[in-house]
Amino acid sequence: MPSNDLERVKEDRDFLIKQSEMLQSVIKRMADNSLEAKKFGLTVWAAIVGFGFQNRNPILFILAFISFTLFGLLDIYYLYMEREFRKNFNRLVRIIGGYASNEDYQWVEQMKIKQRNFFIPDSSPDFFRQIFSKDSVLKSWANLPYLITFLITMVLMYVPLPSK
């Protein structure tokens, strides 16, 4: 192999390693954002529910449910994006390690044509359709706090509040 080709392979490998490092930071940021959405969403939900109990106002439980739902969707979106970036990271690691499949190389060629890189999630995903798919993010243990909160909110909306 001529020395120019060896240098090109080394440059490509260095570029790919830098891409993997940047992807790791993006994945960490998505995971952190997901956690923050959970924490902030549950805090807002608890404040509204507490205020609803204090004022004995059932409308506030509906508002708590709406806020819970919006923060839940935001969290699910971050989990979804994290999974998509992990797919790209895993593909990149296979390429760097020399274990790439034909599918990986086809994806790389497709991205070259579109002038994209590993920071673009896979093939135009449809987020809302994916929510209910076989490998949905809803099946993640990370969503357990939201499922529990959902059940509590449903009970609070239908159980009469104690009178003064």
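Basis of the calculations
- Residues numbered from 1 in each chain as written.
- Predicted model: local features only at pLDDT ≥ 70, side-chain atom pairs only at ≥ 80, totals over all residues.
- Heavy atoms only, no water.
- pLDDT = per-residue confidence, 0-100.
- Helix = DSSP H or I, 4+ residues; strand = E, 2+ residues; numbered from the N terminus.
- Salt bridge = Lys/Arg side-chain N within 4 Å of Asp/Glu carboxyl O.
- Buried < 20%, exposed > 50% of the residue type's maximum accessible area, 1.4 Å probe, protein only.
- Core = buried A, V, L, I, M, F, W, Y, C linked by side-chain atoms within 4.5 Å.

### Remarks on the confidence of the model for the chain
Next up, step 1: In the predicted model, the chain carries a mean pLDDT of 77, and the fraction of residues at 70 or more is 71%.
Next up, step 2: Of all helices and strands in the chain, the one with the weakest mean pLDDT is helix α4 (residues 127-131) (66), whereas helix α2 (residues 58-97) scores best (86).

### Quick look at the pattern of salt bridges
Next up, step 1: Evaluation of the coordinates by the stated rule reveals six salt bridges.
Next up, step 2: Here lysine 39 and glutamate 36 are joined by a salt bridge, their closest N and O atoms 3.0 Å apart. Of this pair, lysine 39 and glutamate 36 both sit in helix α1 (residues 3-55), three residues apart, which is roughly one turn of that helix.
Next up, step 3: Residue class for lysine 39 comes out partly exposed when judged on its relative accessible area of 44%.

### So, the nonpolar core
Next up, step 1: Ranked by size, the top nonpolar core spans 17 residues in total, and within it Leu16, Leu23, Met30, Met81, Phe85, Leu92 and Ile95 carry the most contacts.
Next up, step 2: Elements supplying a minimum of two residues to this core: α1, α2 and α3 (102-113).
Next up, step 3: Sort the elements by how many residues they give to this core and α2 lands first, with eight residues.
Next up, step 4: In this structure, Val49, Leu60, Phe61 and Tyr146 belong to the second largest nonpolar core, which totals ten residues.

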